[in-house]
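# Survey of secondary and tertiary structure
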Amino acid sequence: MSETTVRADDRAHVFHSWSAQGLIDPLPVKGAEGSYFWDYENTKYLDFSSQLVNVNIGHQHPRLVAAIQEQAARLCTIQPAFANDKRGEAARLIAELAPGPLNKVFFTNGGAEATENAIRLARGHTGRHKVLSTYRSYHGSTSTAIAATGDPRRWANEPAAVGVVHFWGPYPYRSPFYAQTEEQEAERALRHLRDTIVFEGAGTIAAVLLETVVGTNGVLVPPPGYLAGVRAICDEFGIVFIADEVMAGFGRCGEWFAVDRWGVTPDLITFAKGVNSGYLPLGGVIISDEIASTYETRPFPGGLTYSGHPLACASAVASIEIFKEEGIVEHARAIGDDVIAPGLAELAEKHPSVGEVRGLGVLWAIELVRDRATREPLVPFNAAGAAAGPMTEVAAACKKLGLWPFTHFNRVHVAPPCTVSADEVRQGLSILDGALEVADSYYSG
Ligand SMILES: Cc1ncc(COP(=O)(O)O)c(C=O)c1O
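Below is a short write-up of the structure. None of these values were measured; they are calculated from a predicted model.

## Considering the packing of helix H4 (residues 85-97) against helix H10 (residues 310-326)
- Close contact between H4 and H10 brings their axes to 8 Å; oriented N to C, the two are set at 40°. As summarised for this structure, H4 and H10 are arranged oblique, according to the angle between their axes. Crossing geometry of H4 relative to H10 is assigned as left-handed. For the pair H4 and H10, contact is made by Lys86, Arg87, Glu89, Ala90, Leu93, Ile94 and Leu97 and by Pro310, Cys313, Ala314, Ala316, Val317, Ile320, Glu321 and Lys324, respectively.

## Things to note about the sheet that holds strand E2 (residues 36-39)
- Taken in spatial order, the 4 strands of this open sheet run E1-E2-E3-E14, and their pairing is mixed. Since the sheet does not close on itself, it has two edges, and those belong to strand E1 (29-33) and strand E14 (403-404), each with one partner.

## Overview of a nonpolar patch on the surface
- Residues Leu75, Ile78 and Phe82 make up a contiguous nonpolar surface patch of roughly 240 Å² in combined accessible area.
- Among the secondary structure elements, Leu75 is positioned in the loop between helix H3 (62-74) and H4.
- For Leu75, a relative accessible area of 30% translates into the label partly exposed.

## Concerning the site of the ligand
- Neighbouring the ligand are the residues Gly110, Gly111, Ala112, Tyr138, His139, Gly140, Glu211, Asp244, Val246, Met247 and Lys273.
- Residue Tyr138 places a main-chain N or O atom 3.3 Å away from a nitrogen atom belonging to the ligand.
- In this structure, Lys273 approaches the ligand through a side-chain N or O atom, which is 2.9 Å from an oxygen atom.
- For the ligand, whose unbound accessible area comes to 390 Å², protein coverage reaches 79%.
- Its residues placed into classes, the shell around the ligand shows 4 nonpolar, 4 polar and 3 charged.

Each value, and the rule that gives it
Residues numbered from 1 in each chain as written. Predicted model: local features only at pLDDT ≥ 70, side-chain atom pairs only at ≥ 80, totals over all residues. Heavy atoms only, no water. Axes fitted to C-alpha atoms, helices over the stretch in contact; angles between N-to-C directions. Helix = DSSP H or I, 4+ residues; strand = E, 2+ residues; numbered from the N terminus. Parallel < 35°, antiparallel > 145°, perpendicular 65-115°, else oblique. Left-handed = near helix turned anticlockwise from the far one by under 90°. Contact = heavy atoms within 4.5 Å. Pairing = 2+ DSSP bridges. Patch = residues over 30% accessible without salt bridge, like charges linked within 9 Å, V, L, I, M, F, W, Y side chains within 5 Å. Areas by Shrake-Rupley, 256 points an atom, 1.4 Å probe, with all protein chains shown as cover. Salt bridge = Lys/Arg side-chain N within 4 Å of Asp/Glu carboxyl O. Buried < 20%, exposed > 50% of the residue type's maximum accessible area, 1.4 Å probe, protein only. Near = heavy atom within 4 Å. Polar contact = N/O pair within 3.5 Å; in protein donor to acceptor, adjacent residues only side chain to side chain. Nonpolar A, V, L, I, M, F, W, Y, C, P; charged D, E, K, R; others polar.

The quantities given are spatial measurements derived from coordinates; they are silent on function.
Here it is in structure tokens:
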């Protein structure tokens, strides 16, 4: 099919996510491999966004493609009430990777449904209704998941599902608590959470829902002690701790699950994206023995036609095996520590517009400012149109030089596949080096 036809069909018939349909011009993509994808003019882009930070294994991994083909030839689908070999194997492998007594998996089609069902599990288990989640978070676009979301994508969906209360999580660079150190930030953020719980009524709160490392809303890595403190507060009040690892899990943060870095065990973990790199739609909730036992004799009030879809589960089994055999989680951690961290530190030294770089594994943010002293963001919060101009120009400069960046508000995120090579990272950072000159031209500090 020609590029013209692909574009014409798209413009005439595809209704796109999050977009004013008449104001977009989606790039027709012809193919992809490893850390790259390319268009119909064979312009290659180094994928520093892993699409939507989900293609952790890289594009078109041959063994993963073969496993899907093999399963498609054997058994494409069977409904969720039956036992199926790949469904059971995927659940076992995921439970084996999860920390502590999290031994059962409810499969969904993606991250939003994982959020919905984690909240449903917590509400049924506690008999309470409220959910606490943070500002600067994203949990999906279905009704409860978007209500839990703490970013502007929620606004147009309001009035949203009832019972969600937002609080502030830690963000040392722009501390909501006027903290000067990471220790202060953790301590004050925990006091704020505890106060919020007390004033909302601990007995009304089913769950605290957190992205272990906040993804799209800033790559906010929790300061030491914060997650352990959240765990302790949840225990004190009998509240379910849900860790949203849809973006942070499966190698992205240089761990199987980001919580592993801090040795913290939540009651529920949501996952999607990296579990099978989106080769097929798949997500789910990993459930503690205690919460699972609530539903031992009482029916769980939720279900999906495609829960535990055999083709999707076969791809998860194959992906986990490939991750283990090829040491992909360890690779992601080493690339982060040895190549991305020092490379970004160099960019920060060279470009005045870089206010801060932060991250871990293959999930990093470059926070751009107009003034390092005041930390005024390069573009205002939630800027659009002309107000977002400087960021649009930075992104355009990257694309022109063959790098597909992930940008959000005043940040450029560095989120290549977990399989990215050191040379590819260096190539991408050198393109960013050029593009950041655009940001520097707006610097006024
Ligand atoms: C942290 C987090 N949770 C949930 C979701 C929702 O996942 P999905 O788009 O698969 O519904 C996302 C998607 O970006 C995410 O980043």
